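Next come the chains, spelled out residue by residue.
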Amino acid sequence: MNPDNSKTLPDQFLYQGLGFFGAITASVTHEFNNILGTIDQLSGLLEDLTVSSGQEKAISEDQINAITGRISLQTERGLTLVKQLNTFAHTSDHKATEFNVYNALENLQALMKRLVSTQKKDLILTGPGEEILVNTNAFFLLQALFLIISRILPLVVSDSAIEMTLCEQNDNAVITIKARLNGALIELPDDRYLGQLISGLQGNSKERFDNELYSLELRVPRSDASV
Amino acid sequence: MDNFRVLLIDDEEELVSTLAERLDYRGISADYAISGDMALEKLQESSYDIVLIDLKLPGLSGDELLTVIHKSYPNLPALMITGHGSGEAGDFVKPEGAYSLLQKPINISALIEKMKEAIEANEPG
C-alpha cells in the first residue's frame, strides 16, 4: 500500500482507507486460519486417542484434560482476536469520539502483530499508568500510525523492535515511534496523504532520522487536558 | 513406504507440534521447526525423507528456505503449505522445486498420501 500522491485526496482517502482495512483483515484472517487449523488438529488428536483406546489401553482423563485445555487456549486466542478486530471495525463508526489512546494503540499493536513478526521484527508498546483521552477520529489515528509503521517496517533492522510510546505533554497525547533502520541515508517516501490524516486529527508530527535511528513524534490534543 | 522421517516447518508451534504428534501416532517419525534457522539446524543434525514447509515464515520465507535447503540437500523432496484464508491452493504459485502446494487446514490422511507420493516420485529408477 504505497502512497500514491498522483491520486486526488478524496481518492486517496478511499484507496488508502480500504487498503488499511484490507491489510489488517488479511493478516487477522490468516491468524484465524491458524487458530482453526490448530483446533482441527487438536480435535483430530483427541479422536486418534479415543479410537485407539478401544484397541489398546484406555485414554486417560489427564490426556483428555490436557488436550481440551489446549483447545480452550486456542479458543480464547480466537475470541480475543475477534474482540480486537470488532473494536477496530467500530473505529470507523464516528467522525470523532472520545477514547483512551493507550487502548487504541494496544489494539493496533495486536492487529499488526503478524504483519510485523513475519518480517522478523517486533512492535513494543509502552504507556503511562493513567488513561489519556483524546476526542478525535480513531480510525484516522490508527491509520496514520499504521502508515508510519508500514513505511519504516521493511527498513527496520532484522530481529529488532519498533518502539511505540505514549505519554502526555502539556495538553497533548504524544505518540512516539522509534526504530533502528538499515543504512544511514534512507530516503523515506513523501506521503501527502499521511500529512492530511494528521491534520485531520488536529495534530502535528515531527520526524527525525539521525545515524540510523528513526523517530516520529505525533501530537494529538487531549480531550481531558483541563480536567 | 509406511515409515519415514519428516521435518515439519511452521511458525505456528501448537499447530505443528500437534501435527507431529498425530503423525508419530501413525508410525511416521515427525520432527518440527518453527523458523527457517531452526529447520536448517535440524537438517544438519538429522536426516529426513521429506520436508513440509509453510510458505509464510518469519524472516526467511518458505520459498526462500526451500531454495536454501535444495542447495545443500538437492534430493530432499518438499511439500509446501499455505495458510491463506481464501482461494484454492492452485490460486497460489507452487515454488519451483516443491512437489506440491497444500492448503491449510491440513487433512492428515491426504497429507500422508501426498508425502508418500512425493518420496516415491523422488526415488531413483
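Asks: Please provide a residue-by-residue account of the interface of chain A and chain B, values included.
Replies: Tallying the contact residues gives 21 residues for chain A and 22 residues for chain B. Here chain A packs against chain B, burying approximately 1900 Å² in sum over the two surfaces, 45% of which is carbon and sulfur. The largest contributions to the chain A side of the interface with chain B come from Asn33, Gln41 and Asp48 of chain A, which together make up 30% of the buried area. Joining chain A to chain B, the criterion identifies seven salt bridges. Between Asp48 of chain A and Arg26 of chain B there is a salt bridge whose closest N-O contact spans 2.8 Å. Linking chain A with chain B are 14 residue pairs in polar contact (both at pLDDT 80 or more). Looking at the side of chain A that touches chain B, the elements with two or more residues in it are helix H1 (9–55), helix H2 (61–89) and helix H4 (113–117) of chain A. By residue number, the principal contributor to the side of chain A that touches chain B is H1 of chain A, which donates 13 residues.

Asks: Kindly report on the nonpolar core, identifying the contributing residues and their values.
Replies: Ile24, Val101, Leu141, Leu145, Ile162, Ile175 and Ile177 of chain A are the most contacted members of the largest nonpolar core, which totals 50 residues. Ranked by residues supplied to this core, first place goes to helix H5 (residues 138–152) of chain A with 11 residues. Contact partners of Ile177 of chain A, with chain neighbours within four places excluded, come to Leu145, Ile148, Ile149, Ile152, Ile162, Glu163, Met164, Tyr214, Ser215 and Leu216 of chain A. Judged by nonpolar contacts, the second largest core, of 21 residues, contains Phe4, Val6, Leu19 and Ile50 of chain B.

Asks: Let's hear about the sheet that holds strand S2 (residues 29–33) of chain B: which residues, and what values?
Replies: Residues and elements named next belong to chain B. Read from one edge to the other, the open sheet built from five strands follows the order S2-S1-S3-S4-S5, with strand pairing classed as parallel. Edge positions in the sheet fall to S2 and strand S5 (100–103), since each of these pairs with one other strand and no more. Ignoring strand direction, the axes of neighbouring strands in this sheet form an average angle of 20°. Summarising the sheet, strand S1 (residues 5–9) and strand S3 (residues 50–54) pair through four bridges and their orientation is parallel. Bridge assignment links Leu8 to a residue of S3, and that residue is Leu52.

Asks: Tell me about a negative patch on the surface, and name the residues and values.
Replies: Taken together, the side chains of Asp49, Glu113, Glu120 and Glu123 of chain B make up a negatively charged region of the molecular surface. Mapped onto the fold, Glu120 of chain B is located in helix H4 (residues 108–122).

Asks: Outline the confidence of the model for chain B, listing residues and values.
Replies: All names here are of chain B. Confidence in the prediction for chain B averages 90 pLDDT; 91% of positions are at 70 or higher. When mean pLDDT is taken per element in chain B, S1 scores highest with 98 and S5 scores lowest with 91. Every residue in residues 87–91 is under pLDDT 50, and counting partners more than four places away or in other chains gives five contacts. Complex prediction metrics read pTM 0.85 and ipTM 0.88.

Cut-off values and rules
Residues numbered from 1 in each chain as written. Chains lettered and ligands numbered in written order. Predicted model: local features only at pLDDT ≥ 70, side-chain atom pairs only at ≥ 80, totals over all residues. Heavy atoms only, no water. Contact = heavy atoms within 4.5 Å. Buried area = accessible area lost by both parts, 1.4 Å probe. Salt bridge = Lys/Arg side-chain N within 4 Å of Asp/Glu carboxyl O. Polar contact = N/O pair within 3.5 Å; in protein donor to acceptor, adjacent residues only side chain to side chain. Helix = DSSP H or I, 4+ residues; strand = E, 2+ residues; numbered from the N terminus. Core = buried A, V, L, I, M, F, W, Y, C linked by side-chain atoms within 4.5 Å. Buried < 20%, exposed > 50% of the residue type's maximum accessible area, 1.4 Å probe, protein only. Pairing = 2+ DSSP bridges. Axes fitted to C-alpha atoms, helices over the stretch in contact; angles between N-to-C directions. Patch = residues over 30% accessible without salt bridge, like charges linked within 9 Å, V, L, I, M, F, W, Y side chains within 5 Å. Areas by Shrake-Rupley, 256 points an atom, 1.4 Å probe, with all protein chains shown as cover. Lys, Arg positive; Asp, Glu negative; His and termini not counted. Charge placed at Lys NZ, Arg CZ, Asp CG, Glu CD. pLDDT = per-residue confidence, 0-100.

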